[in-house]
Structures are given as structure tokens and as C-alpha cells.
Number of protein chains: 2
Amino acid sequence: MKEQLEVTLTNIRTALDREDIALAQKLLNKLHPADQADAISDRPLQEQTEMLPNLNVDNAADVLEHLDEDEAAEIAAKLPLETLAGLLDEMEPDEAADILLDLYEERALAVMEKMVSTDNVRPLLEYDDDTAGGRMTTQVPILHREMTASHAITYLRNSKPDSENHYNLYVIDKDGRLLGIVGLRELITAKPVTSIEAIMNSDVISASVNDDQEECAKLMSHYNLMNLPIVNQSNQLVGVITYDDLVEVIEDEATEDIYALANLSADSDLDVFSPVSMMITRRLPWLYVNLGTAFLSAFVISRFEATIAKIAVLAVFQSVVAGLGGNAGTQALAIMVRGLALKQLEFRHIWRALGRELVIGMLHGLAIGIAVAGIVYLWRGNPWLGLIIGLATFGNLLVAGVMGTLVPLTLKHFHQDPALASSILVTGITDVIGFALFLGLATLYLPYL
Amino acid sequence: MKEQLEVTLTNIRTALDREDIALAQKLLNKLHPADQADAISDRPLQEQTEMLPNLNVDNAADVLEHLDEDEAAEIAAKLPLETLAGLLDEMEPDEAADILLDLYEERALAVMEKMVSTDNVRPLLEYDDDTAGGRMTTQVPILHREMTASHAITYLRNSKPDSENHYNLYVIDKDGRLLGIVGLRELITAKPVTSIEAIMNSDVISASVNDDQEECAKLMSHYNLMNLPIVNQSNQLVGVITYDDLVEVIEDEATEDIYALANLSADSDLDVFSPVSMMITRRLPWLYVNLGTAFLSAFVISRFEATIAKIAVLAVFQSVVAGLGGNAGTQALAIMVRGLALKQLEFRHIWRALGRELVIGMLHGLAIGIAVAGIVYLWRGNPWLGLIIGLATFGNLLVAGVMGTLVPLTLKHFHQDPALASSILVTGITDVIGFALFLGLATLYLPYL
């Protein structure tokens, strides 16, 4: 099945390259909207805006939902107003709102005027993209407390079926306040005359519209929730975050952590084919920060220039000490950052974590320090040089473990992103300490070298 | 609500520290099993095995499911046989199988003899932990093609309710082969006499028992599936992977990528509180690899020892060039690795990706190269030294972008994990090229320095 899909995708690309739009369209129509989105996602914008309106409206709306947000925004900016309005009407309210928010205000207003209904979308335009309100959909299957099970089923039968999967039904009172939750399964297996209130579970976990999307994702993944109901300040049910949003948030957060650890701005919008200008603005500032730490190290080394002038071989090995420390520090850091992200670790564990890293650092220091000392002694034939570099490596690996633990925990404690800046701080510190330890010891024992 | 939970968790810890087990137990019983798991997860093993059997069986089984796999395994190894058997009977078959697989074989067999039913669990013991078969649950809600909607509802009403959320019902033929899927919602909104075959969707996406769990997760997230049915070679339905497994797989894969980029074994079982011995076996081998690349750099520098002996200041700046290259290479690498993981990028994009990184590398090279040249000139007053370091930085940043792109794409092309080893290769190469460029240029223009 997967191979067949690959063949079809290749055929579509070949047809498009040959400008055989009709064939491409025919092949495209056979695919799932998620694959249609893949097929057109790396084509020129011109082609995308030509092809999209030729799919049936349902499909085209699905394709827009499956595209990256910035790709969808680019296409939406080019489509004829009527076409776009028709598509937005078919889309999930939260996805439609995302696209509207990415349009120029004038165009967004014009499109909304041509839409059949904006009731579901309009409230979503108020919320920040990364809050519960920005992620939620407003299409919520609602039951009232006084209904019976058979009423509820008839009511569901007559209501417009949702395109998102809502298998939890939310129970509200007459003021719209969230009271409880009923599974569709409990509903159909209940006796028809049972009241909803009797079968609902009132122990319902919810979040508030202004909560951060990451907090919502953590709630959902912690309690294994498929959907998370979202309430306003008066506890009125205003929307629901579904499991597919959860998956997106988890992927985005992982992307941000990976970027932050690689000294990139923690911004999940950035991807391999983001505009070059965006790449530069997310990467270059961190290279300047790195420039700063690099010159700090250079300054430390310059304090030992006289020593190096006497024994040039020190320049050969100084980076070994610094580099190993940086590497070990990054290892400790990655485990801490992931532990914090997955909530396996809190600030109160700091002593336990530090103690462990001290032990690990010492064992690493012994294992690597002895190896380094041995190699340098064998290569250069000077036991003192071997001893000094071995000691410096031991010390720096100890520092690396401690810093890899302390820096992220401290940042987290002061409500900063523990991933961001941690990496540059840890390697900056292990560089400085590594150079200072090795060159310092060498200066002290200069007569023996 | 969150604050209240924190208070309760702290009170439980305080009670346990005071050895007031009764109070701890009372507080614990009020919590959701996910939070109960949190509350006991960092307590001594002795305490955990004492507390767990005192919860009611349903809750205790849930707590075991919410604990980390290795924590659950440790507790399972200590619990009395009968207690453990009772808990495993209540657990999801896939989670129970995971625990059984972690026990010594003798103990596993003894426990299974005491369990009420092992029919659901036994088939799962054959599959690898990271395959579809290892992840799936065997509790699948099944309908037969010849049923009517009202038959199906009666059938569901009489069947034992599942604890996992199955809202998609799978339709099979008389040989157990997967034919289609019916949503619970479609079922209850269909006319009672409609046949299941008429309302089922036969375009059902499935995976095979031996497929990699990562592939399954990608299918689910690509097509926004809540559940993924798993079939054997004869297309017989044998299980289903649910959305909560999907979330776990996505988190595990992100953890592995983060670890791999930090030069750690890509193994999501490793966390902040893993045994020290495990920490060392996952980290130390990579430090030895790093030792190799560090001495490779040292060897390159040693070729220029004569130059450094004449002009010691080169030792001060050599690491600036290498370090900036390593940093820029890691940035490019992180974006590529994430793009490959999220399938935004394939090998056929290699020329486009390389072209972009060449442009970005040149712009970074100009921006950083000029800055480095300026700082060195101002600091040392030697324009030639500034020029040389600026040129070397420019060249190394270009190399960094190219290597950050080529290395992961090439590894992926040869079916290797693009994250693993990429980082050490890219920084190894930028180190060697950085030192060689700077010291080589310095040797060429020695008279001017």
C-alpha cells in the first residue's frame, strides 16, 4: 500500500512537470486528502492555487487542513474570494480561524462576508494561536442535564454530524456551564429512560480558554484524555481540544526543544523549507551569542599565551579537554531537558540529580581521563603532559555533569525555557573551564613539560 | 485545581516521610490514578510495594499502567504472586504483556497460572516491544458484516465494556478478515434495520503486526486516526493501536532524536533517574567516539605546531573558527533531522536543501566572518590576522551548512538513523576543517603575521 502510494505521488509529480494538469488531477483525486496535501505541498504556488479549486470542495478543504499552516496561508492569499469562502465553510472552525488570522485584515473581512456562516469561527479569532482558545474547535456535541438517554440519541441523530471525532458528549446546565461528560458508548448501552444526569461522570477534567496549549497537551497526555473540554471564566463550555491537536502540540513542543538544544530559536514554525530570511533571523542571532562565548574562551587562552609560546604542543591538546567537557555536558543537559519536558523531574529533585551527575561525572572522568592521559603519553612520551591533560579532563567532565544539571533546573526554577540558552551556557562554561584547567595546570608545572 | 493537586502531592510526601502510611493512603485514594502514579513514582521501592495493594484493584492496575515501564517492572518483581495476578487481570492486555515480559520467565509463568484469563495477553507475548504487535491491545470491538444496526447495538450493550476508548468498530467476515470500519456515531444514527455492510467504510487504513511502531504512529498522525487496526498476514484483525499509544510513541521518538543529537544512545528508556550503570553504558561509548574525533583534530593541529611555536596567538583563535562551524552545523542538522522525522523532507530534495544551505552558509559566513575579522583586528591590531580568521570562518560556516545537510540525508538514504552519529560527524568535520583552514592560511601568510 505504501509502495503504491509512492508510485502515485511520483506519477503526479511527473505529470505536473510535463504540465499534464488533467492527468495529475485525475491521479490526485484518488488519494486521501492527507496524501493530496503531500502531493501538492512542494509544488510552485501557482500550480497549487490552480489545482486546489478543481478538487471537490470537501476534499479541497481537507487538503488545506493537512498542509502546513504557512503553506495554507500562502495559498489562501491567492485563491479567489468565493472559492476560499466555500473552503473555509467546510473546514473545522479552528483551522478556518487559523487561516483567517494569517490573511491581511481586509481580505479576511471580505472572505468572512462571503462565508455562509461565521458563527463558529468568529469567537476563535480572539484567542492567541498557542492558547487553549486558539487550538480548540467550537463544534462541541452537547447534551442537557435533563435529557434521557433515548432523547439524547434522537437529538444526536438529528444534529449535523461532526467531521471531527467527538465520542465524548458534554453535559451542560441551562446557563451553559459544564457539568459532566457521557461517553457515546455509555449512552447507547444505558436504558432508554435513564436521565443523562444519572449516567454522566461529573469528575470532568477541563481547561480554561487562556491556558497555554502546552499545559493542555500535558493534561491530556497525563490523564490519557481523547478530548479536553475548554471553559471560559464562568465555567461555560466554549470548545474542545481533540486528540489530533494534542499530537500536533506534542510534535511542536518536541521540535522547539530540539531547536533550542541546537541553539536555534525555539520556534516550531521553522522547517527545512522556510524562507531563507526566516532561517537567518532564527539562526544568526545565536551564532553571534556563540561568537561572544567563543571570544570569552579566546580571552582565557590569551592569558596563557606566554606558556603556549614556550610549549606549542599545548595548543594541540587544549581543545580535547574543552571538547570532551562540552560533549558530556550536552549529554547531561539533554536528559534533564527531556525529563523536565515530560515532567519526570522537578526542581525539588535538584540534590538527587546533582548527586547522581557527580558520581557519573567522576566515573566518566576516570574512564576518559585515563584514556586521554595514556594516549598523550604514548604520542608525546612525556608523562607529565599526560598527567596534566588527564587531570584537566577529569575535572572538566565533573564540571560538565554539574553544569548540565544545574543550568536547566535553574532556568526552569526562574520560569525560563530550560532548553533555550542552556546548551550555549553549558558548552561555554565547559570551554572556559576546560581551557583554564589545562593551560593553568601546564603553567604551574611548566618546568616538567 | 492544579495548585490543589500540588498541595495534596506534597502532603502525601510529608506523610510518607513521617511514616504515616494511613494518612498517605487516605490522601492517595482521592487522586486520579495518573496522579497516584506520580505520587508514588519517586518513593523507595519498599514503600511502593506496600502502598499499591492497599488501593482498590482497579485503581492499583491503573497506577501500574501510568508508571514508567521500568518502575512498574521493579514493583511487579516484588509484589506477592496473587496480588500481581489480580492486577494484571485488570490491566489492558498490552500493558499487562509488557510487565510479564519484564519479569523473570519463571515468575511470569507462575503469575500467568494465577491469572483468571490470559487469552488476551498470551498472543501479545510473541511480539517485539517496538512493533505494532507489541503496542496493540487485543480488546477490539468487532461487528460482523451481516449484522443490522440494531443487532449491533444490542450486541455492544451485552458485551463487556472496554476500558480503553474504542469508538471505531471494526467489521470482519466469517474468517476474521478486516472488511471495514463503522463509527459508533454512524451506528446509532443509522436506521435500525440498516445492515452493517451498508454503513461501514471499507476504505480502512490498517498496519501489519510486524510493522515498526514508529511507522504506525506516522500513519496515525498523517491520516489523523484515533485508532489503527492491526492485521496478520492473512488480513485477519488481531488488535488495535489506540491514540494514547500514539502519544507515547511520538514522545519516545522525540526523546530518541533529542538524545541522538546530544550524542547519547537513542534509547527512550533512559531518563533522569535511570540507574547510574545504565547512564554510563549509554553515554560513555559516545564520549570515547568523541575522544577519537578530538584526537583527529589534535593531529591536524599538530601538523601546524611549528607555525604555532612562532606565533602563539594562533592558539588563542583556532577554537573560535572550529566552534562557530560546529554550532552552525548543528543548527542545520537539527532542522534536517526534524524535517526527516516529521516527513517534511525526502532524499530527492537533496539539491534544493543543499542549495538553500549554501546561500544561508554564505550569508552567515559574511555576517560572522566580518565580525570575527573586525574583533581580532581591533584586539590584536594586525589586519592580516583579522583577514585570515575572517576567511577561515567564512569557509567553515559554508562547510557547516553543507555537512549539516549532507550527513543526515546520506545516513537516511542508507537506512541509518539520521539523528544518530550525525552530530558527532558534523562537529568532527567542522573542527578538522576549521583548524586546517585557519592554521593552513596562517602558515601560508606567516610573514605578515
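Residues numbered from 1 in each chain as written. Chains lettered and ligands numbered in written order. Predicted model: local features only at pLDDT ≥ 70, side-chain atom pairs only at ≥ 80, totals over all residues.

Chemist: Looking at this structure, I do not really get the packing of helix α16 (residues 276–302) of chain A against helix α21 (residues 422–444) of chain A. What am I missing?
Modeler: Helix packing geometry: the angle between the two helix axes and the distance between the axes. Residues and elements named next belong to chain A. With their axes 9 Å apart at the nearest point, α16 and α21 run at an angle of 10° to one another. Relative to α21, the element α16 lies roughly parallel. Mapping the contact onto sequence places V289, N290, T293, L296, S297, V300 and I301 in α16 and I424, G428, D431, V432, F435, A436 and L439 in α21. Grouping the amino acids of the contact of α16 with α21 by side-chain chemistry returns nine nonpolar, four polar and one charged. (Axes fitted to C-alpha atoms, helices over the stretch in contact; angles between N-to-C directions. Helix = DSSP H or I, 4+ residues; strand = E, 2+ residues; numbered from the N terminus. Parallel < 35°, antiparallel > 145°, perpendicular 65-115°, else oblique. Contact = placed C-beta atoms within 7 Å. Nonpolar A, V, L, I, M, F, W, Y, C, P; charged D, E, K, R; others polar.)

Chemist: I would appreciate a short explanation of the environment of D269 of chain A in the present structure.
Modeler: All names here are of chain A. Residue placement: D269 occurs in the loop between α15 (243–261) and α16. Using a count of 15 C-beta atoms within 10 Å as the deciding quantity, one classes D269 as partly exposed. For the pair D269 and E69, spaced 200 residues apart in sequence, the C-alpha to C-alpha distance is 8.3 Å. (Buried ≥ 20, exposed ≤ 12 C-beta atoms within 10 Å, placed from the backbone.)

Chemist: What am I meant to see in the relation of the copies chain B and chain A here?
Modeler: Note on the chain copies: they are related by a rotation about an axis and a translation along it. Least-squares fitting of chain B to chain A yields an RMSD of 0.1 Å, with the transformation described by 0.0 Å of translation along the axis and a rotation of 180°. Both copies of the chain, as the preceding transformation shows, are related through a two-fold rotation axis. In this assembly the copies share their binding face: 100% of the residues contributing to the interface of chain B also contribute to that of chain A. (Least-squares fit on C-alpha atoms with pLDDT ≥ 70 in both.)

Chemist: Please explain unusual backbone geometry as it appears in this structure.
Modeler: Both trends apply: most residues other than glycine have a negative phi, and most peptide bonds are in trans. All names here are of chain A. Look at K343: it is not a glycine, yet its phi comes out positive at around 60°. Here K343 is to be found in the loop between α18 (313–341) and α19 (350–380). On the basis of neighbour counts, which here come to 11 C-beta atoms within 10 Å, the residue K343 falls in the exposed class. Even without being a glycine, H415 presents a positive backbone phi close to 55°. For H415, the location among the structural elements is in the loop between α20 (383–413) and α21.

Chemist: Is there a simple way to think about the sheet that holds strand β1 (residues 142–144) of chain A in this case?
Modeler: By way of backbone hydrogen bonds, the strands of a sheet pair with one another, either parallel or antiparallel. Residue and element names in this part refer to chain A. With mixed pairing, the three strands of this open sheet are ordered in space as β1-β2-β3. Unpaired on one side and paired on the other, β1 and β3 (178–183) mark the two borders of the sheet. Strand-to-strand twist in this sheet, taken as the mean axis angle between neighbours without regard to direction, amounts to 35°. Pairing between strand β2 (residues 168–172) and β3: five bridges, direction antiparallel. Opposite Y170, over in β3, you have I181 as the bridge partner. (Pairing = 2+ DSSP bridges.)

Chemist: Where do I start with the interface of chain B and chain A in this structure?
Modeler: Where the parts come together, the accessible area they lose is often given as the size of the interface. On the chain A side, the residues contacting the 86 residues of chain B number 86 residues. Among the secondary structure elements, those contributing two or more residues to the side of chain B that touches chain A are α11 (149–158), α12 (184–189), α14 (213–222), α15 (243–261), α16 (276–302), α17 (305–310), α18 (313–341) and α19 (350–380) of chain B. Top element by residues in the side of chain B that touches chain A is α18 of chain B. It accounts for 19 residues. Its residues assigned to classes, the side of chain B that touches chain A shows 56 nonpolar, 20 polar and 10 charged.

Chemist: What am I meant to see in the sheet that holds strand β6 (residues 237–242) of chain A here?
Modeler: Residue and element names in this part refer to chain A. If you walk across this open sheet you meet the three strands as β4-β5-β6, and the pairing is mixed. Single-partner strands in this sheet number two, and they are β4 (207–208) and β6. Here β4 runs beside strand β5 (residues 227–231); their pairing, made up of two bridges, is parallel. Within the sheet, the bridge partner assigned to A207 lies in β5 and is I230.

Chemist: Before we go on, may I ask you to explain α21 of chain A in this structure?
Modeler: Because the α-helix completes a turn every 3.6 residues, residues three or four places apart line up on one side. The terminal C-alpha atoms of α21 of chain A lie 32 Å apart, and with 23 residues this matches the ideal 33 Å at 1.5 Å per residue to within 8%. With 17 of its 23 residues buried, α21 of chain A lies for the most part within the structure. (Expected span 1.5 Å × (residues − 1).)

Chemist: When you look at the confidence of the model for chain A in this model, what are you seeing that I'm missing?
Modeler: Low-pLDDT portions of the prediction should not be read for the details of their coordinates. Residues of chain A with pLDDT of at least 70 account for 98%, and the chain-wide mean is 89. On the interface metric, ipTM, the complex scores 0.86, and its pTM is 0.86. (pLDDT = per-residue confidence, 0-100.)

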